[in-house]
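Structural description and commentary
Below are the chains, spelled out letter by letter.
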Amino acid sequence: MVGTAKFSKNNNTLTVLFLSALAIGIALRLYQFTGQILIDDEWHAVYQLIEQHRPMEIFLSFGVYDYCIPLTLLYWLETSWFGLSEFGMRWPMLLCGSAALILFPLYIWGALGARYAILFAFLLAISPVLVLYSRIARPYALTVLLVYLAHYAFDRYCNSSARRPLTGALYGTSAILATWMHLVAGPMVVAPLLYQCGSLFLNTPADRNVRIRLLLQLGLPTVLGMALLVGPPLMANVSAIAGKSGVDSPSLQTVVGALHWWAGSGSTAVVVLTVLLAAFGFPTLWRRLPLVRTIAFGLLLTLLTLLLMRPAWIQNPITFGRYLLPVIPLLLLSVAAGTVRLADFANHASLVISRFLISAILAFPVLSMAAQSPLREIFFYPNSNIANPFFYFDFRPEHNPLPKQFDRYAPLSSFWSQLRVLEPGSIRIAAAPFYFESYSWDAPRWERISRQHIVPAYLSGLCVVPHLSELPHDVRFKFHNVVFVSDDADLALKKIDMITFRKPFMVTKDNGTKIIIGDDTRQCESALRNRFGLPIYEDEKLVVFAAYNHIDQNNDK
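What you see is a predicted model; the values in this text were computed from it and never measured.

**Overview of the pattern of salt bridges**
Side chains that differ in sign of charge can pair as their charged atoms come close. If you walk through the whole model with that rule in mind, you get 14 salt bridges. The partner of Asp442 in a salt bridge is Arg502, with the nearest N and O atoms 3.7 Å apart. Note that Asp442 is positioned in the loop between strand 1 (428–432) and helix 22 (443–450) and Arg502 in strand 4 (residues 498–502), a separation of 60 residues in sequence. Both residues of the pair, Asp442 and Arg502, count as buried. Linking Asp490 and Lys494 is a salt bridge whose minimum nitrogen-to-oxygen distance equals 3.0 Å. A relative accessible area of 9% places Asp490 in the buried class.

**Here we look at the packing of aromatic side chains**
Counting across every chain of the model gives 29 aromatic pairs. Taken together, a centroid distance of 5.3 Å and an interplanar angle of 90 degrees make the contact between Phe18 and Trp109 edge-to-face. Taken together, the residues span a long stretch of sequence, with Phe18 in helix 1 (residues 2–30) and Trp109 in helix 5 (residues 86–111) at a distance of 91 residues. Each residue in the set Trp43, Tyr47, Phe415, Trp416, Phe434, Phe436, Trp441, Trp446, Tyr458, Phe484 and Tyr537 is aromatic and connected to the rest through ring pairs, giving one cluster. Here Arg341 stacks its cationic end above the ring of Phe280, 4.2 Å away from the centre of that ring.

**Considering the packing of helix 5 against helix 8 (residues 140–159)**
Between helix 5 and helix 8, whose axes approach to 8 Å, the crossing angle comes to 35 degrees. When the axes of helix 5 and helix 8 are compared, the crossing they make is left-handed. In this structure, helix 5 contributes Pro92, Met93, Cys96, Gly97, Ala99, Ala100, Leu103, Phe104 and Tyr107 to the contact, and helix 8 contributes Ala141, Leu142, Val144, Leu145, Tyr148, Tyr152 and Asp155. Tallied by class, the residues present in the contact of helix 5 with helix 8 amount to 14 nonpolar, one polar and one charged.

**Examining the state of the cysteines**
Going through the model one piece at a time under the given rule, you end up with one disulfide. Disulfide pairing places Cys463 opposite Cys524 at an S-S distance of 2.0 Å. Here the S-S torsion is close to 100 degrees, and the disulfide linking Cys463 with Cys524 is therefore right-handed. Linking Cys463 in the loop between strand 2 (453–458) and strand 3 (483–484) with Cys524 in helix 24 (residues 524–532), this pair joins segments that are 61 residues apart in sequence. Judged on exposure class, the residue Cys463 and its partner Cys524 are both buried. With no disulfide of its own, Cys158 has Cys197 as its nearest cysteine by sulfur position, at a separation of 10.0 Å. Relative accessible area serves as the criterion here: at 2%, Cys158 is assigned to the buried category. Among the residues examined, Cys197 registers a relative accessible area of 35% and is labelled partly exposed.

**A word on the nonpolar core**
Counting residues in hydrophobic clusters, the biggest one holds 150 residues, and the most contacted among them are Trp43, Tyr75, Trp261 and Trp262. Sort the elements by how many residues they give to this core and helix 8 lands first, with 13 residues. Leave out the neighbours within four places in its chain, and Trp261 touches Val129, Tyr133, Ile318, Gly321, Arg322, Leu325, Tyr392, Phe393 and Phe395. If you look at the next biggest cluster of nonpolar residues, it comprises 20 residues, including Ala457, Val464, Ile496 and Leu528.

**Quick notes on helix 4 (residues 69–81)**
Look at helix 4: 18 Å from first C-alpha to last across 13 residues, which is about the 18 Å you get at 1.5 Å a residue. Among all positions of helix 4, only Ile69, Pro70, Leu71, Thr72, Leu73, Tyr75, Glu78 and Thr79 are buried. At the exit of helix 4 stands Gly83, carrying a positive phi of roughly 90 degrees.

**So, the pairing of strand 5 (residues 505–508)**
Side-chain alternation along strand 5 places Phe505 and Val507 on a buried face and Met506 and Thr508 on a face that remains uncovered. Here strand 5 runs beside strand 6 (residues 514–517); their pairing, made up of four bridges, is antiparallel. Its bridge partner being in strand 6, Val507 is matched across the sheet by Ile515.

**Considering the packing of helix 9 (residues 165–181) against helix 10 (residues 186–199)**
Between two packed helices, the angle of one axis relative to the other and the distance separating the axes together describe the packing. Two elements in contact, helix 9 and helix 10, have axes whose closest approach is 8 Å; the angle formed by their N-to-C orientations is 155 degrees. By the angle between their directions, the pair helix 9 and helix 10 is classed as roughly antiparallel. Along the contact surface, helix 9 presents Tyr171, Ala175, Ala178 and Thr179, while helix 10 presents Gly186, Val189, Val190, Pro192 and Leu193. Its residues assigned to classes, the contact of helix 9 with helix 10 shows seven nonpolar, two polar and no charged.

Thresholds, definitions, all that
Residues numbered from 1 in each chain as written. Predicted model: local features only at pLDDT ≥ 70, side-chain atom pairs only at ≥ 80, totals over all residues. Heavy atoms only, no water. Salt bridge = Lys/Arg side-chain N within 4 Å of Asp/Glu carboxyl O. Helix = DSSP H or I, 4+ residues; strand = E, 2+ residues; numbered from the N terminus. Buried < 20%, exposed > 50% of the residue type's maximum accessible area, 1.4 Å probe, protein only. Phe/Tyr/Trp six-rings, centres within 6.5 Å; stacked < 30°, edge-to-face > 60°. Lys NZ or Arg CZ within 6 Å of the ring centre and 35° of its normal. Axes fitted to C-alpha atoms, helices over the stretch in contact; angles between N-to-C directions. Left-handed = near helix turned anticlockwise from the far one by under 90°. Contact = heavy atoms within 4.5 Å. Nonpolar A, V, L, I, M, F, W, Y, C, P; charged D, E, K, R; others polar. Disulfide = S-S within 2.5 Å. Core = buried A, V, L, I, M, F, W, Y, C linked by side-chain atoms within 4.5 Å. Expected span 1.5 Å × (residues − 1). Pairing = 2+ DSSP bridges. Parallel < 35°, antiparallel > 145°, perpendicular 65-115°, else oblique.

Laid out in structure tokens, this is it:
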């Protein structure tokens, strides 16, 4: 009875720890989720909808910008049925990112045990990159889940005594969807097939024939499905894809930056700890989990493909790291395995080592990563720009060009620091002009200084024709975190208190070229003055209008 009670107590503790890790991870993925603006590559799919491309046009092209075809088709449906919103664009990533957080550790619990699973769950939960890409309207969180599902299903189908058709279908479906979502996932999902083909020579003739039949059963439908979905847009965009290949190459600094990115820290000490523990734990995984061998092989194939294709921007750690995003779960699982192995080694080396010290060893990697996590600097309140690479282009501050660029070139009004005396998040500001490129949208800096909500102010309908960085003002788009300053009802609905307009300014590039930022909206300052009256604040950099006074006056009329 005593032994049973002790087992039950330990089991309950493990369950609580596991659920706590999941709760932390889901809370981080949900934090301010509905208050985020659309930025950078998230606009790629939106342009197809603005230009009113039909589903077949979307299906047959990757576009000038590499939009995700299946996600864009989903957005087309949402636009047609009930209007597209920020949540409507991001919910698939949130769902898949949360599913990976739950499913991956559950698999490890059954395969390796509770300690591995709990540590793995905590590391997944607080991984900055996995958290951020679960919140961004790009397919990377989906492909990570689909890649691992494909490897899991392949392993179950080929190495289990009960080969169920549903398991084979899960592999084929996951592999096809992952490749359709993002072409770079292709080498990852065909890796199990190629790995098994290479191991055929190690089998007896009888086993080899069985294996060949299995590979044909899985491989032929999968390759056919990929050909049907990926083939047409590939054939239609050969020249565009070729033009983006053979452009850039990764360097040693790229790899170092990617290690920081995958480990989720700007701290060299944390990265070294991560690499050492992963190296210590990986042999255990290689020995005990066949799944790990095919995943590692898939990562190697992907790396070789990238080195051969040399896609544009791959010299940036964020681009290189993103193409190899599936490395993160394997890296974190290796860290968990290395930590468990180290704790066991310490326990066996000393009979008098206390349970507290064993627990400290197990908790140390999680606590170290949490203490040095960039999420501590990103998740301030309010922050409507968590998806902006301003915060995660490179987790090493000295290597992140975006904050440096704004500090160097963009004029900063003292208005933003004056707002800091107010309660955080107590006012909502619409800022104009808005640019969808992160290197032109300075709101992350303004929001961090002021601690107030800042959303894009659209000027179309007031002083400019619709342009690249603004959505049409119609029922197809129901974005909550933008406002049309020409529409009183929209200003009231979005509860806008102030409207700011940054005056045009000149920038001298490194090559000596001078450009004027905001020259295309210069005429809007007078239009805003005519519409909203005298500004409540103005300096040589910024002019600010009170939206609530204007709305109240119009309501009185």
